[in-house]
Every structure is written in structure tokens, then in C-alpha cells.
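Working through the structure, step by step
Each chain, written out:
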Amino acid sequence: MDCGPACLAMVASYFGKTYGLTYLREHSFLSREGVSLLGISEAAQRIGMEVLPGKLTTDMLTEENTPLPAILHWNQNHFVVLSKVQRQLFTGKLLFTIADPAHGFITLSKERFERQWLSDGEEGVALFLHPTPAFDNFDPPKENNASIRYLFNYLVPHKRPLVWMLLLLLFGSCISLTFPFLTQRLIDSGVNGKDLHFITLILLAQLSLYLGSLGMELLRNWMMMVVATKVNIQIISDFLRKLLKLPIKFFDTKLMGDFNQRIADHDRIETFLTSQSLLTFFSMITFLVFFGVLWYYHPQLLLIYLGLSAVAVGWSLYWMKQRKILDYFRFQLRSENQQSIFEIINGVTEMKLNQFEDYKRTEWEKIQHKIFKINIRSLRLNQVQLSGFEFLNQLKNILVTFMAASLVVTGHMTLGALLSVSYIIGQMNTPINQLVNFFRSLQDARLSMARLNEVQQHQEEDAGETVSVHSNGSGYTDPGLDFRLSGIDFQYEGPASPYVLKNINLHIPQGKVTAIVGASGSGKTTLMKLLLKFYEPVKGQIYLGERPLQEVTHLWLRRNSGVVLQDGFIFGDTILRNIVCGAEEIDMERLVHAMRIANINSFVEQLPLQLNTKIGAAGSGISGGQRQRILIARAVYKNPQFLFFDEATSALDAENEKVIHDNLQTFFKGKTVVIIAHRLSTVKNADQIIVLKEGQIVEFGTHQQLVARKNNYFDLVKNQLELGG
């Protein structure tokens with residue numbers, strides 16, 4: 001989804017400015033389908049670049065005066081940067097250098113380039129960018145990227161067990177320190193001296209020390225597991241806490257699989273913090289201990305060992321960049337895989353009804369083949385990386401052992417010392433291997449941190465200077481809290497996208513019922529979401545009383561609002577909890593009142609566990625009408641000052657709809673109510689009716705006034721109500 005902003009960031013970097021992806025994403029107007037060329041153009045102009053989009057042939061693209069770099073629409077579903085075009089020295093054939101956000105730099109022949117770029121016969125789409133003076137004068141906003149140091153804050157509450165683990169390690173290192181000296185004494189004094197009693201004593205000492213070391217290691221591993229579990233819970237809890245504070249529009253650009261994969265990604269951070277970082281720290285202490293012992297035995301052997309170890313580690317680090325690119329690609333594919341499985345499981349009924357099974361299964365198989373290819377590339381990379389490291393490691397061990405053996409042959413070292421050196425080399429190899437694993441885990445943690453950072457750095461809903469509107473003792477807000485909309489315009493995808501709402505001027509009086517009607521796509525639900533602060537208008541102002549709505553906290557507004565949305569969600573919990581939601585103390589009087597108004601008693605009483613009956617996830621196992629009655633009961637239970645109903649009774653039968661409609665009329669008294677409905681019989685008693693058409697208000701008035709005019713409203717209702725003559 002980020003290929004467009006990533007390409008723009010590369011071009012901006014080419015011209016000397018570094019922009020973070022978070023800023024460019026925000027101004028590229030990403031959707032769940034990704035980003036459009038129009039969105040990239042808007043973001044480019046925002047940072048002071050002149051843009052020129054066009055469709056052109058390959059010959060036009062390769063002319064000498066063509067300004068590069070340029071952003072290309074690639075394979076009709078991706079964006080890349082064309083950085084340069086050159087000719088081969090001997091053949092004169094054209095070569096195209098592409099900077100692909102998913103793969104890195106790629107050099108393609110003309111034939112392969114055209115196969116992926118041309119989208120309309122002989123032409124392809126390109127976006128040319130050139131910095132203006134505004135680009136040089138504008139300073140990129142700084143992004144506070146969470147660092148690895150920030151992660152270590154999660155270990156601070158666990159200082160005590162960490163200190164104990166450190167002490168256990170130090171004791172274990174001291175025990176390990178004695179083994180090479182015991183081995184030397186075993187050979188030089190016991191074996192060479194043919195003293196069986198001394199040999200037995202040394203071996204028993206080694207056994208005792210080994211058992212002690214093993215016990216401390218088991219205790220250390222148990223403590224590490226406890227710390228790791230607590231850290232993992234805290235990381236994911238903080239992620240969810242932050243996630244739930246983000247504005248609703250943030251979730252419009254993300255798929256379910258993306259969130260699932262991000263949460264799963266936190267395992268890598270936890271592994272780095274509690275396993276790799278601590279193990280590496282502990283193993284480095286062990287390494288330093290044996291470093292000193294090997295220096296004591298022979299400094300030259302130590303220098304040779306360190307030099308060859310540095311070469312082996314350097315070989316592993318060389319392949320880290322390729323591993324990083326593969327990791328980005330694997331994350332995206334795993335996200336798609338989870339989304340695909342989620343759709344298959346949740347959409348099984350529709351798939352069966354519409355013979356969609358084979359197609360969706362084939363789509364899933366295609367994702368698996370892509371994952372397989374990435375896994376093959378990863379395996380190949382890991383084999384080259386690890387095989388090279390193991391070869392260099394073994395070569396180092398053989399060379400050091402050969403030199404030590406040569407010293408024994410020449411009489412400069414005893415046989416016991418040779419065995420001690422061999423033992424030390426074996427013990428020092430483990431920290432070296434651990435160091436390589438640490439760098440791999442560090443890279444994984446940084447990549448996961450980058451994904452975490454997108455959420456952590458996003459502005460929260462109530463991050464600005466917002467206030468709550470005071471309430472009186474009865475729980476109702478002070479008088480005069482009506483909604484006023486002045487010159488409201490709204491677009492979903494940036495300044496050049498179609499207007500969903502245009503020049504809306506509207507007064508919604510307090511304590512009255514306002515109905516919003518219109519054909520599908522006229523902007524009714526969008527208008528309601530603006531009143532609920534799901535989105536901010538791109539132009540104009542909404543007031544609640546005398547205060548701009550943007551200054552009122554989301555929390556206060558939603559606490560005082562009862563909302564029934566067209567696609568309202570039923571939780572996989574009891575009916576009781578679905579009605580009262582997060583209330584800790586349940587008001588039984590309000591609950592009974594809400595159930596009576598929603599006409600839900602007869603349905604609940606038929607269930608074996610009644611209110612404690614658990615509903616399936618997303619409301620499976622109940623009908624659409626029962627689902628809507630639960631949502632209505634939920635809104636009524638809050639007893640709010642503001643009520644917003646979006647097609648709240650569309651799934652009800654005529655009998656239930658009439659009963660609930662009559663019950664709600666009494667409940668509406670004294671409350672500010674906004675109703676969206678296609679069944680106009682449910683809104684004819686409203687104090688005012690607003691008629692929307694193509695995002696604009698075309699009529700307003702009471703039912704009788706609008707019918708008498710015989711205009712847009714009359715056209716909407718003439719097929720639903722018997723108007724006579």
C-alpha cells in the first residue's frame with residue numbers, strides 16, 4: 001500500500017530532502033486499495049514539487065531531455081521510480097534502472113521494461129516531478145521514530161529478575177572459567193603422572209561444577225520465560241491501547257490481515273528483548289571471560305582467532321540488506337494471506353450461494369505460491385549466509401587448533417594446555433554464533449519497530465486542545481446544544497476527488513427529531529459520520545452550541561450519543577454485554593426500559609439462558625431483525641442526549657417496526673435525534689426532514705410541507721406512501 005509514498009520519498013531524497021513515510025501517506029490519501037497517481041501528485045505538490053503526469057511511448061520516455069527520476073505505474077498495480085536510462089557499451093541496447101520499493105534496484109532490458117510498464121498498447125503512465133523554490137524553502141516535518149533504546153524501557157520494571165539472571169550468569173561464568181584449568185591439570189598431572197586418585201578427584205569436581213552450572217541455567221531460563229511473557233503482554237497491550245485511540249479514518253486504509261500481522265510481528269520484538277539481547281549480553285560476558293583465559297595461554301592464538309571471527313561475522317552482515325527486502329515482501333504477503341483466510345471463513349455462506357468457492361480458493365493458492373517463492377529466496381539467502389559463516393568458523397577452528405598443535409610438537413605448549421585451548425575455542429564459538437543471531441534478531445526488531453512506529457506516531461483523536469461540554473446534574477447537557485453546519489464540503493480522497501458533500505448549511509435543533517433522506521450515494525451516512533467526528537470536513541465548520549465541534553472531545557461526544565449504524569457490530573459475547581457494553585455496574589431499570597423500547601423481550605425470553613445467552617462472533621446465529629433490535633437497545637440503554645439512527649429498522653418486519661417506532665417516539669422527547677431512513681414512513685413525524693441529492697441539500701421542511709411541494713421528496717415517497725390523487 002505504501003509503494004506510492006515510498007517512490008515520492010525516493011524522488012524527494014534525490015533532490016536533497018528526506019520525508020518520512022507517515023507524512024507522505026497522510027497527504028497521498030491512501031485507501032484500502034492503495035494509492036492513486038492523483039494522490040501521489042497531491043502529496044508532491046504539497047511538498048513543493050511541480051508535477052506533470054502523462055501517457056507516453058518508450059521512445060518519448062528515452063529522449064535525452066526527459067527529466068528523470070520519474071514515477072512509473074508498474075504492472076497496473078504498483079509504482080516504481082525510473083532512475084536512469086543508459087545504453088550498453090558494446091551492443092548499444094537500452095537498459096532501464098528501476099528503483100522498486102518491493103525489491104530494490106533492478107536493471108531491465110527494453111523488452112522486459114515495456115512488458116511491465118506499457119498499459120495501453122504502446123503507451124505507459126509516468127509522473128514527472130521537478131522541485132520548485134517552495135520545495136527548497138519547506139522543511140520536512142520531523143518524525144520521532146521509536147528506537148531500539150525505547151524498547152529497552154519495557155525491561156525497566158523487571159530489574160530485579162534481570163539482576164538475579166545476571167548474578168546467576170556470573171556464577172556460571174566463574175564455574176566455566178575453572179573447566180580449562182581442571183582439564184589441563186587432569187592431563188598434565190593426572191594422566192601424565194598416572195595418578196588415578198587425582199584423576200577421580202578432578203572428574204568428580206567437574207561433575208559437581210557441571211551440575212551446579214546446569215541448575216543455575218535452568219533457573220535462569222525459567223526467570224527469562226516469566227520476564228518474556230510479561231514483556232510480550234505489555235508490548236501488545238500498549239499497541240492495542242494506542243490503536244484504539246486512533247481516529248476511525250485510520251482504519252479505513254487497513255485490512256484485517258494487516259493488523260493481525262502487526263500484532264504477530266510483536267513476537268519478534270519480544271524475542272529480541274528477552275531472548276536475543278539478554279542471551280547475547282550474557283554470552284558476551286562468557287566470551288570476555290574466555291578471552292582473558294586464551295590471552296593467558298597464548299596472545300598470538302587469540303589475535304588469529306579474533307581476526308578470522310571478524311571475517312565470519314562480516315560475511316553474515318553483508319547479506320542483511322537482502323534479508324531486509326525479503327522481510328518487507330513477506331510481511332505484505334502474510335497480511336494478504338490472513339485477510340484471504342478471514343474472508344473465506346466469514347464469507348462462507350455467500351461463497352456457497354454464489355459458487356465463489358473455487359475462485360477464492362484459487363486466489364488463496366496464488367498467495368501461497370507467492371509466499372513459496374519468497375520462502376525459496378529466503379532459504380537460498382539463509383543457506384549462503386549461514387553456510388559461508390559456518391565454513392569460515394570451522395576454518396578458523398582448524399587453523400587455531402593446527403597452530404596450537406604445532407606449539408605442542410615444538411615443545412612450547414603442553415598437551416593439557418592444547419586440550420584447554422580446544423575447550424576454550426569451543427566455548428568462544430557459542431557467543432560468536434549468538435552475536436550473528438543477535439544481529440539478525442536486531443534487524444527483525446527494527447523492521448517490526450518501523451511498522452509499530454506507523455501506529456505509535458499517528459496522532460490520536462483527542463490529541464489537540466479539545467474540551468468536554470459540561471452537563472447538569474440530571475446527566476443532560478446544558479440548553480442550546482444544537483448542531484449548526486456552515487458551508488460544509490467533504491471529500492474522501494483529496495482535493496481533486498469527487499465531493500461527497502457540497503456546501504451543506506444546516507441547523508439541527510436541540511430536543512427535536514431531524515430526518516435525512518435521499519437516494520443511495522447522496523451522502524446521508526457521511527453527513528452523520530461528520531456529526532460524530534469520524535471525519536473532519538475539508539471546508540466549513542460544524543458547531544455544537546457556540547463551540548466548534550472540533551474542540552469537543554470525541555470521548556465526551558460519544559459518551560453522550562446513542563448510535564445505531566447500518567453496519568453496526570455485534571460482539572461475540574452475551575446479549576446482556578452487547579446491550580450494556582462496557583458498563584461496570586448494570587442499571588437494571590434502564591436495561592428493562594431499553595429492552596421494552598427495542599421490543600426484544602419476547603426474543604430473549606425464548607432463549608435457554610435469556611440475557612446470558614452468548615451470541616456468535618459478529619452476530620452469527622441471530623437474524624438481521626434481532627441484531628438491529630439489540631443495537632437499538634444498546635443505544636437506548638445509554639439514555640444519551642444525542643441519538644443517531646442510520647437505517648436502524650431496515651431489517652425489521654412491519655409489525656416489529658411499528659411497535660419500536662411507537663416506543664421510540666416517547667423516548668425521543670427532549671433528545672436531539674438524527675435519523676437516516678429509506679422507509680420514509682418512519683420519518684414522516686420528524687420535526688424537520690432534510691433531502692440530500694448528490695451531496696447537496698435540495699429541500700427541507702416537514703413531511704406535509706415537502707409533499708405539498710411535489711418536488712424531490714415527493715418523488716422519493718410516491719412509491720412508498722399512498723398520497724391520493
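Residues numbered from 1 in each chain as written. Predicted model: local features only at pLDDT ≥ 70, side-chain atom pairs only at ≥ 80, totals over all residues. Heavy atoms only, no water.

Under an unreviewed UniProt entry, the protein has the name ATP-binding cassette, subfamily B and belongs to Chitinophaga jiangningensis. Reading the Subcellular location (unreviewed entry) entry of the UniProt record for the protein gives the comment "Cell membrane". (UniProt positions renumbered as here; feature names shortened; annotations may be inferred.)

Applying the stated criterion across every chain, the model contains three salt bridges. The shortest N-O distance in the salt bridge between Lys110 and Asp59 comes to 4.0 Å. Of the two residues, Lys110 sits in helix 5 (residues 110-117) while Asp59 sits in helix 4 (residues 58-61), which places them 51 residues apart along the sequence. With its nearest N and O atoms 3.8 Å apart, the salt bridge here joins Arg547 to Glu551. (Salt bridge = Lys/Arg side-chain N within 4 Å of Asp/Glu carboxyl O. Helix = DSSP H or I, 4+ residues; strand = E, 2+ residues; numbered from the N terminus.)

In this section: the packing of helix 2 (residues 21-28) against helix 3 (residues 37-46). Running from amino to carboxyl end, helix 2 crosses helix 3 at an angle of 120°, the nearest separation of the two axes being 8 Å. In terms of axis orientation, helix 2 runs oblique to helix 3. Crossing hand, helix 2 versus helix 3: right-handed. Each of Tyr23, Leu24, His27 and Ser28 in helix 2 lies in contact with helix 3, whose residues at this interface are Gly39, Glu42, Ala43 and Arg46. Residues that form the contact of helix 2 with helix 3 fall into these classes: three nonpolar, three polar and two charged. (Axes fitted to C-alpha atoms, helices over the stretch in contact; angles between N-to-C directions. Parallel < 35°, antiparallel > 145°, perpendicular 65-115°, else oblique. Left-handed = near helix turned anticlockwise from the far one by under 90°. Contact = heavy atoms within 4.5 Å. Nonpolar A, V, L, I, M, F, W, Y, C, P; charged D, E, K, R; others polar.)

The subject of this paragraph is the packing of helix 1 (residues 3-14) against helix 2. Contact geometry for helix 1 and helix 2: axes closest at 9 Å, N-to-C directions at 120°. The angle between helix 1 and helix 2 places the two elements in the oblique class. With respect to the hand of their crossing, helix 1 and helix 2 are arranged in right-handed fashion. Contacts from Pro5, Ala6, Leu8 and Ala9 of helix 1 reach helix 2 at Leu21, Leu24, Arg25 and Ser28. Class assignment of the residues belonging to the contact of helix 1 with helix 2 gives a composition of six nonpolar, one polar and one charged.

A surface patch of nonpolar side chains, amounting to about 590 Å² of accessible area, comprises Leu204, Leu207, Tyr210, Leu211, Leu214 and Leu218. Here Leu218 shows up in helix 9 (residues 196-243). (Patch = residues over 30% accessible without salt bridge, like charges linked within 9 Å, V, L, I, M, F, W, Y side chains within 5 Å. Areas by Shrake-Rupley, 256 points an atom, 1.4 Å probe, with all protein chains shown as cover.)

Okay, the packing of aromatic side chains next. Summed over the entire model, instances satisfying the criterion amount to 10 aromatic pairs. Seen from their ring centres, Phe483 and Phe642 are 5.4 Å apart, and the 65° between their planes marks the pair as edge-to-face. Remark: Phe642 occurs in strand 13 (residues 642-646) and Phe483 occurs in strand 7 (residues 483-490); sequence separation between them is 159 residues. Both residues of the pair, Phe483 and Phe642, count as buried. Taken together, Trp74, Phe96, Phe113 and Trp117 form an aromatic cluster joined through their ring pairs. Geometry around Phe135 places Lys17 over its ring, the cationic atom sitting 5.2 Å from the centre. (Phe/Tyr/Trp six-rings, centres within 6.5 Å; stacked < 30°, edge-to-face > 60°. Buried < 20%, exposed > 50% of the residue type's maximum accessible area, 1.4 Å probe, protein only. Lys NZ or Arg CZ within 6 Å of the ring centre and 35° of its normal.)

Bringing the nonpolar core into the picture now. Counting residues in each nonpolar core, the largest one holds 47 residues, and the members touching the most others are Ile579, Phe645, Leu664, Phe668 and Tyr713. With seven residues, the top contributor of residues to this core is helix 22 (residues 624-637). Membership of the second largest hydrophobic core comes to 31 residues, among which are Leu485, Leu506, Leu531 and Leu544. (Core = buried A, V, L, I, M, F, W, Y, C linked by side-chain atoms within 4.5 Å.)

So, on to the sheet that holds strand 2 (residues 70-74). Sheet architecture is open: six strands sit in the order 1-6-2-3-4-5, paired in antiparallel fashion. With partners counted over all chains shown, the strands left at the sheet margins are strand 1 (49-56) and strand 5 (104-109), one partner each. Ignoring which end each strand starts from, the neighbouring axes of this sheet average 30° apart. In this structure, strand 3 (residues 78-87) lies alongside strand 4 (residues 94-100), joined through six bridges in antiparallel fashion. Along strand 4, the bridge assignment pairs Arg87 with Leu94. Across the sheet, helix 1 touches strand 1, strand 2, strand 3, strand 4 and strand 6 (124-131), and the angle it forms with strand 3 is around 40°. Sheet strands touched by helix 5: strand 1, strand 2, strand 3, strand 4, strand 5 and strand 6. Its angle to strand 5, the strand with the most contacts, is close to 110°. (Pairing = 2+ DSSP bridges.)

This brings us to the environment of Gln705. Within the element layout of this structure, Gln705 appears in helix 24 (residues 703-709). Separated by 16 residues in the primary sequence, Gln705 and Ile689 place their C-alpha atoms 9.7 Å from one another.

This part takes up helix 23 (residues 654-667). Compared with the 20 Å implied by 1.5 Å per residue over 14 residues, the 20 Å span of helix 23 between its first and last C-alpha is a close match. Every buried residue of helix 23 is accounted for by Asn656, Glu657, Ile660, His661, Asn663, Leu664 and Phe667. Packing partners of the buried residues in helix 23 comprise helix 20 (588-597), helix 22 and strand 13. (Expected span 1.5 Å × (residues − 1).)

The end-to-end C-alpha separation of helix 22 is 20 Å, in line with the 20 Å expected for 14 residues at 1.5 Å each. Counting buried residues in helix 22 gives 12 out of 14 residues, a clear majority hidden from the surface. Of the positions making up helix 22, those classed as buried are Gly625, Gln626, Gln628, Arg629, Ile630, Leu631, Ile632, Ala633, Arg634, Ala635, Val636 and Tyr637. The elements touched by buried residues of helix 22 are strand 12 (561-564), helix 19 (575-580), helix 20, helix 21 (601-605), strand 13 and helix 23. A positive backbone phi angle near 50° is found at Asn639, which sits one or two residues after helix 22.

This part takes up the sheet that holds strand 8 (residues 501-508). Across the sheet, four strands lie side by side as 8-7-10-11; this open sheet has antiparallel pairing. The open sheet is flanked by strand 8 and strand 11 (547-548), the only strands paired with a single partner. Sheet topology note: the strand 7/strand 10 (residues 539-544) ladder contains five bridges and is antiparallel. Each residue of the ladder has a partner; that of Leu485, found in strand 10, is Ile542.

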